Amino acid sequence: MIAMNENYLKLKESYLFAEIAKKVSAYERLNPEKHIFRMGIGDVSLPLCNAVIKALHRAVDDQSKKESFHGYMPECGAGFLREAVADHYRKRGIELSTEEIFISSGASDELGAIIDLFDRRAKALVQEPAYPAYVDANIMAGREIIHLSTGKETGFLADPENEPEADIIYICSPNNPTGAVYSKELLRKWVDFANRRGAVIIFDAAYEAFIEEEELPRSIFEIEGAENCAIEICSFSKTAGFTGTRLGYTVIPKALSRGGMNLNSMWVRNRTTKTNGVSYIIQRGGEAVFSSEGQEEIRENIKVYKDNAKVIMEALNECNIRYFGGKNAPYIWMECPDSMKSREFFDFLLYKAQIVGTPGIGFGACGENFFRLSSFADPRETEEAAVRLRSVLK
Ligand code: PLP
């Protein structure tokens, strides 16, 4: 009989998300006349911008003619898109060669695949509350997880002062679900720690485009020494609405080596073995995101989500509810009122206000008394949800 990967048996079933979906559909069945406000979603609601749509159409036409047709694309990404990404970093003062940029079909795919570079004995440190994929991908690979809880006392940011015995260090900034963003000073502590320890930081920058405070780092490569210890994983999903179109990029500096092995060369070997590149059409769409028209249009879309966040934050302010995030991130991480547990608060909001959010417990044990509201919904829905929040929380 074939031996199976029994690490899958160690995965916790995502009961919570299944339970939420069940509760919402049961409520809808019993109350068909009531409209539900979906503020739990991590998916965008605005369509792709015009610059991207035009580029996608042009690329489809390219595929119709012999002279401009593209077959297999280079495994690590098309030169034109790697150039556009390098240029994007250069404008922010970060010099990267195109060979340090890998085009991917999204951050999730990459987060799952990149840990192939590390031995099974490497311990993964996850700062919680966290995006659940970090823990699950490492459990599947049979790794030990170090759960580092954060709380409201530190604004949901962690410090390496206790020198955890971590080999792979996950940092998500701006954070999903808390919206917390690392300062350069605190990020520098992690970079110095990783370099001292010989660990590797996986920096998830999926929400970097939401940072509006100039002094906050949007890339870990703004920190000196990060080129010796960090991999940065980025996505077009929330920046440019590519959740269903699928595109991302990963930066692995050539300077990053561990145990006499170079991680950039290893990743080239991995990609050339395990992928055949990302679709030509989609990469052309991604290139258009970096055009001046594309940049202007995605900023307009992000502003819509940011205005939604303001509407929710104003309602919470009026109700004296404490929250984190919202300013430099699309998520608002609110404290549940009256010391309610996050599941209890989920029920309360669904039954009393027809608002669906995400219970904090879904992101780790330390999320128990918190609740995530997303700013990705339609503005009119968000306005109405804010009215309802006021009416039940005041
Ligand atoms: N990283 C974080 C923190 C996320 O919240 C998400 C999606 O919600 C992803 C990565 C996945 O992004 P992608 O759509 O590029 O796979």
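Residues numbered from 1 in each chain as written. Predicted model: local features only at pLDDT ≥ 70, side-chain atom pairs only at ≥ 80, totals over all residues. Heavy atoms only, no water.

Turning our attention to the sheet that holds strand S6 (residues 200–204). Read from one edge to the other, the open sheet built from seven strands follows the order S2-S8-S7-S6-S5-S3-S4, with strand pairing classed as mixed. Every interior strand has two partners, whereas the edge strands, strand S2 (101–104) and strand S4 (145–149), have only one. Averaged over all pairs of adjacent strands, the angle between their axes in this sheet comes to 20°, without regard to strand direction. Seen against the sheet, helix H8 (residues 263–274) touches S2, S6 and strand S7 (230–235) and runs at an angle of roughly 30° to S2. (Pairing = 2+ DSSP bridges. Helix = DSSP H or I, 4+ residues; strand = E, 2+ residues; numbered from the N terminus. Axes fitted to C-alpha atoms, helices over the stretch in contact; angles between N-to-C directions. Contact = heavy atoms within 4.5 Å.)

Our next topic: helix H4 (residues 107–114). Since the α-helix turns once every 3.6 residues, residues separated by three or four places project in the same direction. Here H4 has its buried residues at Ala107, Glu110, Leu111 and Ile114. Summarising the axial view, the buried residues of H4 lie within an arc of 100°, below the 170-degree limit, and thus occupy one face. (Buried < 20%, exposed > 50% of the residue type's maximum accessible area, 1.4 Å probe, protein only. Arc of directions from axis to C-beta.)

Okay, the site of the ligand next. Every one of the 15 residues lining the ligand counts as a neighbour, but Ala107, Asp204, Tyr207, Ser235 and Ser237 are closest to it. Taking Tyr207, its side chain carries an N or O atom lying 2.6 Å from an oxygen atom of the ligand. At a separation of 2.8 Å, an oxygen atom of the ligand approaches a polar side-chain atom of Arg246. At the level of elements, H4 and helix H7 (237–240) are the ones that each hand at least two residues to the shell around the ligand. In terms of residues, the shell around the ligand owes the most to one element, H4, which gives three residues. Grouping the amino acids of the shell around the ligand by side-chain chemistry returns seven nonpolar, five polar and three charged. (Near = heavy atom within 4 Å. Polar contact = N/O pair within 3.5 Å; in protein donor to acceptor, adjacent residues only side chain to side chain. Nonpolar A, V, L, I, M, F, W, Y, C, P; charged D, E, K, R; others polar.)

Taking 1.5 Å of rise per residue, 12 residues should cover 16 Å, and H8 covers 16 Å from first to last C-alpha, within 8% of that figure. Turning to H8, its buried residues number three or more, namely Leu263, Asn264, Trp267, Asn270 and Arg271. The buried residues of H8 all sit within an arc of 120° when viewed along its axis, so they share a single face. What points out from H8, more than 90 degrees from its buried face, is the exposed set Arg269 and Thr273. For H8, the elements touching its buried residues are S2, H4, S6, S7, strand S9 (257–258) and strand S10 (261–262). (Expected span 1.5 Å × (residues − 1).)

Take the pattern of salt bridges next. Throughout the structure, instances matching the rule amount to 30 salt bridges. Residue Glu165 is joined to Lys123 by a salt bridge in which the shortest nitrogen-to-oxygen separation is 3.4 Å. Taken together, the residues span a long stretch of sequence, with Glu165 in the loop between S4 and strand S5 (168–172) and Lys123 in the loop between H4 and strand S3 (124–128) at a distance of 42 residues. When its relative accessible area of 22% is taken as the criterion, Lys123 is described as partly exposed. Between Lys152 and Glu335 there is a salt bridge, with the nearest N and O atoms lying 2.6 Å from each other. Here the residue Lys152 occupies a position in the loop between S4 and S5, and Glu335 occupies one in strand S12 (residues 331–335), the gap between them amounting to 183 residues. A residue is classified by how much of its surface remains accessible, and Glu335, at 18% relative accessible area, is buried. Each of Glu19, Lys23, Arg343 and Asp347 takes part in a single network of salt bridges with overlapping partners. (Salt bridge = Lys/Arg side-chain N within 4 Å of Asp/Glu carboxyl O.)

We now examine the packing of helix H11 (residues 342–353) against helix H12 (residues 379–393). One can describe the packing of H11 onto H12 by two numbers: an axis separation of 10 Å at closest approach and a directional angle of 110°. As far as their axial angle goes, H12 and H11 are roughly perpendicular. Side by side, H11 and H12 meet where Phe345, Phe348, Leu349, Lys352 and Ala353 of the first sit next to Arg388, Leu389, Val392 and Leu393 of the second. (Parallel < 35°, antiparallel > 145°, perpendicular 65-115°, else oblique.)

Okay, the domain arrangement of the protein chain next. In terms of domains, the protein chain is made up of domain 1 (12–41 + 293–393) and domain 2 (50–289). Inter-centroid distance (C-alpha atoms) of domain 1 to domain 2 is 27 Å. At the junction of the two partners, domain 1 supplies 27 residues and domain 2 supplies 32 residues. For the domain 1 and domain 2 pair, buried surface summed over both sides reaches about 2500 Å², with 60% attributable to carbon and sulfur atoms. The largest per-residue losses of area from domain 1 upon contact with domain 2 belong to Asn328, Phe363 and Cys366, which jointly make up 25% of the total buried on that side. In this structure, the connection of domain 1 to domain 2 is made through four salt bridges. With its nearest N and O atoms 3.0 Å apart, the salt bridge here joins Lys306 to Glu212. Here domain 1 and domain 2 share 14 residue pairs in polar contact (both at pLDDT 80 or more) between them. (Domains from an automatic or database assignment. Buried area = accessible area lost by both parts, 1.4 Å probe.)

To continue, consider the packing of helix H2 (residues 50–62) against helix H10 (residues 292–318). Between two packed helices, the angle of one axis relative to the other and the distance separating the axes together describe the packing. Where H2 meets H10, the axes come as close as 7 Å, and the angle between the chain directions of the two elements is 135°. When the axes of H2 and H10 are compared, the pair comes out oblique. Counting all contacts with H2, which are made through Asn50, Ala51 and Lys54, the residues of H10 involved are Glu293, Gly294 and Glu297. Counted by class, the contact of H2 with H10 contains one nonpolar, two polar and three charged residues.

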